[in-house]
Amino acid sequence: MNTLAAILATLRRATGSITGAVGFTIFVLVILAALFAPVIATHDPDALDVMNRFAPPSAAHWLGTDHLGRDLFSRLIHGATIAMSVALSAIALALAAGTVLGILAAYLSDRGERVILILFDVIAAFPSLVLALAIVAVFGPSTGVVVAIVALTMTPHFGRVARAQVLTLKNAPFLEAERILGASGARIVFVHLLPNIMGPLVVLASMDIPVVITIEAGLSFLGLGVRPPLASWGTLIQDGYQFLSDSWIPVVVSSLALALATLGFTLFGEALRDAVDPRIGRER
Amino acid sequence: MAEPLVAIRNLKLEAGTARGRAAILRGIDLEIGRGRILGLVGESGSGKSSLAACLIGLTPANTSAISGEIRFDGQNLVGLDPTAFARLRGRRIAMIFQDPMTALNPLFTIGTHLVDVLRHRDPGLSRAAALSEATAMLVKVGIADPEARIAAYPHQLSGGMRQRVMIAMALLMRPDLLLADEPTTALDATVEAQIVELLAALRREVSGSIVFISHHLGLVAQLCDDVAVMYGGTVVETGPVDAVLTDPRHPYTRALIACEIDEDDAPGGRLLSIPGEVPDPVRPMTGCIFAPRCAHAVETCRSEVPELRTSGDGRRAACLRFEELP
Amino acid sequence: MTRLFKDERLGYVASRLLTTVLIVFGAMVLLFALTALVPGDPAKSLLGPQASPELAKRFIAEMGLDQPLHVRLWRFFGAVLTGNLGVDVISGKPVVQLVASVLPYTVILTFSAIGLSVLIGVPLGIHAATHRGSASDTILAFVSVAFIAVPSFVIAIFLLLIFAIWLDWLPVLGTSRSGEFLDEARRMILPTLALAAGWIGFIARLVRSSMLEVLGEPYIRTARAYGLSERLITYKYALKNACIPTIAILGLGIGRLLGGAVLVEIVFARPGLGRLVYEAVSERNFPVVQGAVLVVVVLFVVVNLIVDLSYSAIDPRIRRSSGQGAGA
């Protein structure tokens, strides 16, 4: 109950500014679109209507149609489902892996800590899109590979923050007291450490959503991420870009949708950060 | 007596805070004699540093109103145009700060600090000439091996050494008015004694006046000619340092001296041995500012604001009852 | 004192060098592990099912895939250290040669983008900090977020649409065939802008916030108390301090720009490392991917090393000796 009240209070502070409120609105709209895509979409996103290709926006097709006559609005709405499921599953994986490795690094011997930190440095030494290309080269493109890649590239980020958080808490008096009273390591980690380090990590995660959306869209734009005919925002932009000489509407509409979503998530993430702790995640 | 270097009349300073408008200075009347060292004493929050900030024109960003008059050599500093004020700073007015650890820029050498300040005073000066003048000044403030120190960065010097650098910077200006805002508070006792000795020895170097801010009466007695005791944004008593400290007239000055004897020097300078709290700057002053904590307060003390009145040879005190007090 | 200082700095340089070498080796192991991880028949999955048996055989021999793992890792290390990044399985050319022929395009694009973002971002940040709360500050804050948030390839597409197609001001695609400098410079404008946009916003914001922080420091108050001009204070005393976080971030920026360059190169049909890797991935030409990615990583890590060391040259206080983890 207290936690819920605290979360609501944070949200209220985050949406206090205009930019925070705009970001939150876009965030909610994208989540709704992702959850209820089949209900919101006006057409079957994969229904072809080749006679009606490159139709301009109209009452029947709100945002027009693409090179195969598919309804762009419906495809964009379904794109939200893909973007959000990739983003949330990748971030959840990275958050879990990063937190475990970060806590381990903080508690392991010096040598163990150094190994984990070097591992983080090695992964971070690959620009995420470049590492993604190398992995796709081996495993071939698919949505699952995209999730795995993004999770891998994000793990060091969460791991470093988790480690830093644990290090500041490790010798806090209340943990010291628990230890003296004979609490088990597991109890200390799950009851005391995790709840205390989760706040900043969740804020970081929310700030990473637009980054993940960008990577997924970038890979899909290259044809190396989510495979057609699935309607990812990246593949929609790619489709539009290839037929730029026929019509500029599809590429503009789908690029704008992607830009609006990443902008909204960024604004919301930053407002959330400022409401929780202005110091975290500044380096991004 | 000749016309004072600085004459402050009814100086008021207000600042916007989260709790409303705070009266930081509630009408200061004070004079700083030419060539004299004035000690400014009081608890933290009494307005000593804010008064210094007004004198050098660097009031904090939340300042909402400033009124009254500061005559500096005949020129009113209140409401002075910022560029004109900037011309006074570093030429006629200089300041030494409390914490020498943070008052010097960590990315620039001691030499850069001194040379920039010198060239501000005298733009025609060559870098080499400025450097040799700076080196000579470092010797004067007691820094051994000045050629090496001048190439050093602040973090490579000890706290006492950094404060000596700050003093050198100030003296290079040959200012008419030097403000020293608790220059020894951040230093340990031995270094503090050395710095005070240095300031005393350098008196002859400074042709102008010095305002020495401290909550430490012993230092003020050792160094200063005059003293002004501040409380709650007002000056409660002022006069020659020997007279005021041996025969205080204002009950607050007495309490301050009693505390000093009791517990020497509490960090932060809050006087815990006087019952009650320091006055809240957000609350308006309706009577004597010290009345709520004063053992001698009577009914009129709470309703009538006492003026600074002559209480002896060159002395003044803001107490309605100083004649009757034992 | 001075002597000790020199030694400490030397120690810092040595520890940073060691970490860099470790990271490069780690990256090599990771890249190697990727080939070893390939499920099933490596030749089939790397070359695709349609590869001819001859090609597969040649590939297996060339990659040494018939050898035990540790021998292969050892060979890979040895080859890379002697500057041999393997052979393109399709054209038969050495990967080093392929990479070398396109590397300049990517490096020039990335560094002109960094240069442009510093050139525009730093003054904007200073302006915003010294005019805090003004209308231009508010507008700049929003524009910065927008530039940061919108993916660079989306910006690239919009720039292409507006300036090359609708307005027809600048040449559209590719590099200059004739290699003429002016033509090539004109063709660089849009890709550079697309790549730099996010970093302009990022640097402007960073400089603004660090300037504001620095301007509140006691040493700035000292400079004011000594009457130094606002110009000297802003551009000499405050800017140097405010630059430290900016420089620290530039190293990371190179990495993200190299990633962004892949997409921008493809939108503008420019040659470069990104395009090389992309095409190699599409052809499942793994030696080229491996070699080119390794070059990107080395480039990134070395730039980061240089940034870290130059950062330590600006800031005379000796920083902790921990490597990238703390600096990144």
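The name an unreviewed UniProt entry gives chain A is Peptide ABC transporter permease, with Prosthecodimorpha hirschii as the organism. As its UniProt record puts it under Subcellular location (unreviewed entry), chain A is described as follows: "Cell membrane". Per its UniProt entry, chain A bears the Sequence similarities (unreviewed entry) comment "Belongs to the binding-protein-dependent transport system permease family."

What follows concerns the overall build of chain C. The number of helices and strands found in chain C is 13 helices and zero strands. Put simply, chain C runs from its N terminus to its C terminus through helices and strands in the order α-α-α-α-α-α-α-α-α-α-α-α-α. Here chain C, with 328 residues, has 45% of them falling under the buried criterion. Looking at chain C alone, contacts between residues at least 24 apart form 73% of all its contacts between residues at least 6 apart.

Moving on: the domain arrangement of chain C. All names here are of chain C. By the assigned domains, chain C splits into domain 1 (2-81) and domain 2 (103-316). Listing elements by their share of the side of domain 1 that touches domain 2, those giving two or more residues are α1 (2-37) and α2 (42-47). Per-element accounting of the side of domain 1 that touches domain 2 gives the leading share, 11 residues, to α1. Classifying every residue of the side of domain 1 that touches domain 2 by side-chain character gives 11 nonpolar, three polar and two charged.

On to the sheet that holds strand β5 (residues 75-76) of chain B, then. Strands in a sheet are paired, the pairing made by backbone hydrogen bonds, and the direction either parallel or antiparallel. Residue and element names in this part refer to chain B. An order of β2-β1-β4-β5 is seen for the four strands of this open sheet, with the pairing classed as antiparallel. Two strands bound the open sheet, and with one partner strand each, they are β2 (20-32) and β5. The pairing of strand β1 (residues 6-17) with strand β4 (residues 63-72) spans eight bridges and is classified as antiparallel. By the bridge assignment for β4, I8 is matched with I70. Contacts from helix α1 (residues 48-56) reach β1, β2 and β4, with the element oriented near 70° to β2.

Looking now at helix α4 (residues 69-81) of chain C. Taking 1.5 Å per residue as the helical rise, α4(C) with its 13 residues ought to reach 18 Å, and the 18 Å between its terminal C-alpha atoms agrees with that figure. Where α4(C) terminates, the next one or two residues include G83(C), which has phi positive at roughly 80°.

With that settled, the discussion passes to the confidence of the model for chain C. All names here are of chain C. Averaged over chain C, the pLDDT score is 80; the fraction of residues at 70 or greater is 84%. Confidence, read as mean pLDDT per element, is least for helix α13 (residues 324-327) in chain C (33) and greatest for helix α5 (residues 95-130) (91). Overall, residues 1-5 carries pLDDT values under 50, and its contacts beyond four positions in sequence, including any with other chains, amount to one contact. Below a pLDDT of 50 lies the segment residues 319-328, which in the model reaches 21 contacts outside its immediate sequence neighbourhood of four places, other chains included. As a predicted assembly, this complex carries a pTM of 0.81 together with an ipTM value of 0.84.

Calculation notes
- Residues numbered from 1 in each chain as written.
- Chains lettered and ligands numbered in written order.
- Predicted model: local features only at pLDDT ≥ 70, side-chain atom pairs only at ≥ 80, totals over all residues.
- UniProt positions renumbered as here; feature names shortened; annotations may be inferred.
- Helix = DSSP H or I, 4+ residues; strand = E, 2+ residues; numbered from the N terminus.
- Buried ≥ 20, exposed ≤ 12 C-beta atoms within 10 Å, placed from the backbone.
- Contact = placed C-beta atoms within 7 Å.
- Domains from an automatic or database assignment.
- Nonpolar A, V, L, I, M, F, W, Y, C, P; charged D, E, K, R; others polar.
- Pairing = 2+ DSSP bridges.
- Axes fitted to C-alpha atoms, helices over the stretch in contact; angles between N-to-C directions.
- Expected span 1.5 Å × (residues − 1).
- pLDDT = per-residue confidence, 0-100.

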